[in-house]
Amino acid sequence: MRRLVKSAATVLLATSASFAMAADPMSLMLNWTPTADHSPIYYAKSKGWYNDAGIDLKIEAGRGSGVAAQRVGSGGADVGIADFPTAMQARGKGADLKAVMVIYANSPQGFYWLKSSGINGPTDFTGRKIGNPPGDASRLMWPAFAKKTGLAPTAVTFVNISPPAKVAALKSKSVDIISDFYNEHDLKVREFGADLGFVAWRSIGVNVYGNAFVVNGAYLAANTERIRKFVAVTQRAYAECVKDFSPCLQALTADVSGLNPDNQRDQWERIKQLMRDDATTKVALGSFDNARVKADYDLVKDLIGIDKPFEPATMFTNEFLDQKLRMTAN
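From a predicted model like this one, the values you see are computed outputs, not experimental measurements. Along each chain, numbering runs from 1 in the same order as the chain's sequence is written. Local features are withheld for residues below a pLDDT of 70 in this predicted model, meaning they are given only at 70 or higher, and side-chain atom pairs are given and counted only at 80 or more; totals for whole chains, interfaces and linings count all residues. Each side-chain value is derived from all of the structure's non-hydrogen atoms; neither hydrogens nor water enter the calculation.

K.L.:
Explanation requested: the overall build of the protein chain in the structure shown.
P.N.:
Along its length, the protein chain carries 15 helices and 10 strands. Across its three principal axes, the protein chain shows a C-alpha extent of roughly 85 × 45 × 35 Å. Residue burial is assigned from relative accessible area. The probe radius is 1.4 Å, only protein chains are included, and a residue is buried under 20% of its type maximum, exposed over 50%, and partly exposed in between. Here the protein chain holds 330 residues, and the buried ones make up 54% of them. Residue contacts are counted whenever heavy atoms from the two residues lie within 4.5 Å of one another. Restricting the contact set of the protein chain to residue pairs at least 6 apart, pairs at least 24 apart contribute 81%. Carbon and sulfur atoms form 52% of the exposed surface of the protein chain, whose accessible area is close to 14400 Å². When the 39 positive and 33 negative side-chain charges of the protein chain are each reduced to one mean point, those points stand 3 Å apart. Helix and strand definitions follow DSSP, with helices as H or I runs of at least four residues and strands as E runs of at least two, each counted in order from the N terminus. Note on areas: Shrake-Rupley, 1.4 Å probe, and residue coverage restricted to the protein chains presented here. Only four residue types enter the tally: Lys and Arg on the positive side, Asp and Glu on the negative side; His and the chain ends are excluded. For this purpose, a charge sits on NZ of Lys, CZ of Arg, CG of Asp or CD of Glu.

K.L.:
Help me understand the sheet that holds strand S3 (residues 79-83), please; the structure alone is not making it clear to me.
P.N.:
What links the strands of a sheet is backbone hydrogen bonding, and the strands pair in either a parallel or an antiparallel sense. Only when DSSP finds a minimum of two bridges between them are two strands counted as paired. The five strands lie next to each other as S2-S1-S3-S10-S4, forming an open sheet whose pairing is mixed. One side of each edge strand has no neighbouring strand; the edge strands of this open sheet are strand S2 (55-60) and strand S4 (97-102). On average, adjacent strands in this sheet sit at an angle of 30 degrees to one another, irrespective of strand direction. As paired elements, strand S1 (residues 24-29) and S3 share two bridges and run parallel to each other. Within S3, the position partnered with methionine 29 by the bridge is glycine 80. The strands touched by helix H4 (residues 65-74) are S1, S2, S3, S4 and strand S10 (211-216); relative to S3, the strand with the most contacts, the crossing angle is about 145 degrees. Interaxial angle, 0 to 180 degrees, is taken between N-to-C directions of lines fitted to C-alpha atoms, where a helix line uses only the stretch in contact.

K.L.:
Which parts of the structure should I look at to understand unusual backbone geometry?
P.N.:
For residues other than glycine, phi is negative in most cases, and the peptide bonds are mostly trans. Despite not being glycine, lysine 173 shows a phi value in the positive range, around 65 degrees. Tracing the sequence through the fold places lysine 173 in the loop between helix H8 (166-172) and strand S8 (177-181).

K.L.:
Help me understand the pairing of S1 in this model?
P.N.:
Along any regular strand the residues' side chains alternate between the sheet's two faces. Note that S1 and S2 share six bridges and pair parallel. Residue aspartate 24 lies in a different strand from S2, and its bridge partner there is isoleucine 55.

K.L.:
Any chance you could explain the nonpolar core here in plain terms?
P.N.:
The nonpolar side chains of a soluble globular protein tend to be buried, and buried together. Within the largest apolar cluster, 59 residues are counted, with the highest numbers of intra-cluster contacts made by Ile41, Phe213, Ile227, Phe230, Tyr238 and Trp268. Here the element with the most residues in this core is helix H11 (residues 224-243); it accounts for nine residues. The nonpolar core is taken to be a set of buried Ala, Val, Leu, Ile, Met, Phe, Trp, Tyr and Cys residues, with the residues joined through side-chain atoms within 4.5 Å. One finds Ala68, Val199, Val208 and Tyr297 within the second-largest nonpolar core, a separate group that totals 45 residues.

K.L.:
Where do I start with the sheet that holds S8 in this structure?
P.N.:
Here five strands make up an open sheet; going across it, the order is S7-S6-S8-S5-S9 and the pairing mixed. Among the strands making up the open sheet, the edge pair consists of strand S7 (157-160) and strand S9 (196-200). Direction aside, the axes of adjacent strands within the sheet are offset by 30 degrees on average. Examined bridge by bridge, strand S6 (residues 129-132) and S8 share two bridges and lie parallel to one another. Along S8, the bridge assignment pairs isoleucine 130 with isoleucine 177. This element, helix H9 (residues 185-192), spans strand S5 (109-114), S8 and S9 of the sheet and lies at about 160 degrees to S9.

K.L.:
Explain the pattern of salt bridges here, please?
P.N.:
A side chain of one charge can pair with a side chain of the opposite charge when the charged atoms of the two come close. For this analysis, a salt bridge means a side-chain nitrogen from Lys or Arg found within 4 Å of a carboxyl oxygen belonging to Asp or Glu. As enumerated under the stated definition, the model contains 20 salt bridges in all. Residue aspartate 176 is joined to arginine 128 by a salt bridge in which the shortest nitrogen-to-oxygen separation is 3.7 Å. Placement of aspartate 176 in the loop between H8 and S8 and of arginine 128 in the loop between S5 and S6 is noted, with a sequence separation of 48 residues between them. On the basis of relative accessibility, which here comes to 18%, the residue aspartate 176 falls in the buried class. Among the salt bridges present, the one from lysine 282 reaches aspartate 278, with a minimum N-O distance of 3.8 Å.

K.L.:
In this structure, what is going on with H11? I would like to understand it.
P.N.:
Each full turn of the α-helix corresponds to 3.6 residues, which orients residues three or four apart in the same direction. Each residue after the first adds 1.5 Å to the expected span of a helix. Counted at 1.5 Å a residue, the expected span for H11 with its 20 residues is 28 Å, and the 29 Å between its end C-alpha atoms agrees. Listed as buried for H11 are Ile227, Phe230, Val231, Val233, Thr234, Gln235, Ala237, Tyr238, Ala239, Cys241 and Val242.

K.L.:
Got a minute to help me understand the side chain of aspartate 180 in this structure?
P.N.:
Topologically, aspartate 180 is positioned in strand S8. Of the residues examined, aspartate 180 reaches a relative accessible area of 15% and is grouped as buried. For this analysis, a polar contact is any N or O atom pair within 3.5 Å, provided that within protein one partner can donate a hydrogen and the other can accept it, and provided that sequence-adjacent residues contribute only side-chain to side-chain pairs. A distance of 2.7 Å separates the side chain of aspartate 180 from the side chain of lysine 188, its partner in a polar contact. Other than its neighbours up to four places away in sequence, aspartate 180 contacts Pro108, Gln109, Gly110, Tyr112, Lys166 and Lys188.

K.L.:
Hey, could you run me through the environment of aspartate 195 in this one?
P.N.:
With respect to the helices and strands, aspartate 195 occurs in the loop between H9 and S9. Overall, aspartate 195 belongs to the partly exposed group, its relative accessible area being 24%. With near-sequence residues (within four places) excluded, aspartate 195 lies in contact with Trp113, Leu114, Lys115 and Ser116.

K.L.:
Looking at this structure, how should I read the environment of threonine 35?
P.N.:
By the element assignment, threonine 35 lies in the loop between S1 and helix H2 (39-46). C-alpha of threonine 35 to C-alpha of valine 256: the two residues are 221 residues apart in sequence and 8.4 Å apart in space.

Encoded structure:
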């Protein structure tokens, strides 16, 4: 009997080991530290969906879209999250990458300031200091914002500060303006009230695609089915979190310390607004529109510059997306 039990245990252990070995490693580099917009990834991971798909997903916090695009483009990470126009710039510099799913169908970029500082809008930015990290997408895309608002590219001075220090830097007036995603809008409204000034990039004609999942081109070619499974799981997770954010928030805060749940809930409500456009509501959640991609490419090429031009349609693919999964209309 003992031999039978021992034999069964041996088989069980061997079977468990074979299942564990079946999951292939995949590295995912985020654009920044994890917050609400990354919660579906943590939700899917906590549910074991990636493992069930044969993917052992390793998540790495990022240091800006520019860094993420470069890492993925050079093969330092298999998959990453990067601002789409920033990824285009990296592609023009030789980075080997392709976008497989968009998160922000609308630009999340915005600038914040205090009205008491004498700033009433972008025309008052000249000579001011903008605080943000060096790898931040808004810094890389600044020439486009400047040209759209009639400012000289050298009109402002950028000051290096970390994302968590932005609000404190604005409050202490060590900088005049900070850049941030619209996700964090409610936090600033509570902090500064009626003194808060704000301009959304999308409101001045720079409504480019925001964060997207980008894949190293060589990795994609060699692991097409693995990427197909990754996108399927991730798209499903985002759809589930749109329906009910509570379990996604729980998964995020269980894995990432220091996050305020109320702030993350506010963020997610803003994120859902940014995720909606005709393609994501009528075609598939995460879907790119070819005409919009072309427009983004032209904007980057004309206002910032692309070192080595390429065909915009080669920058993305919608082939891995399930068209049954769509963003809700509201």
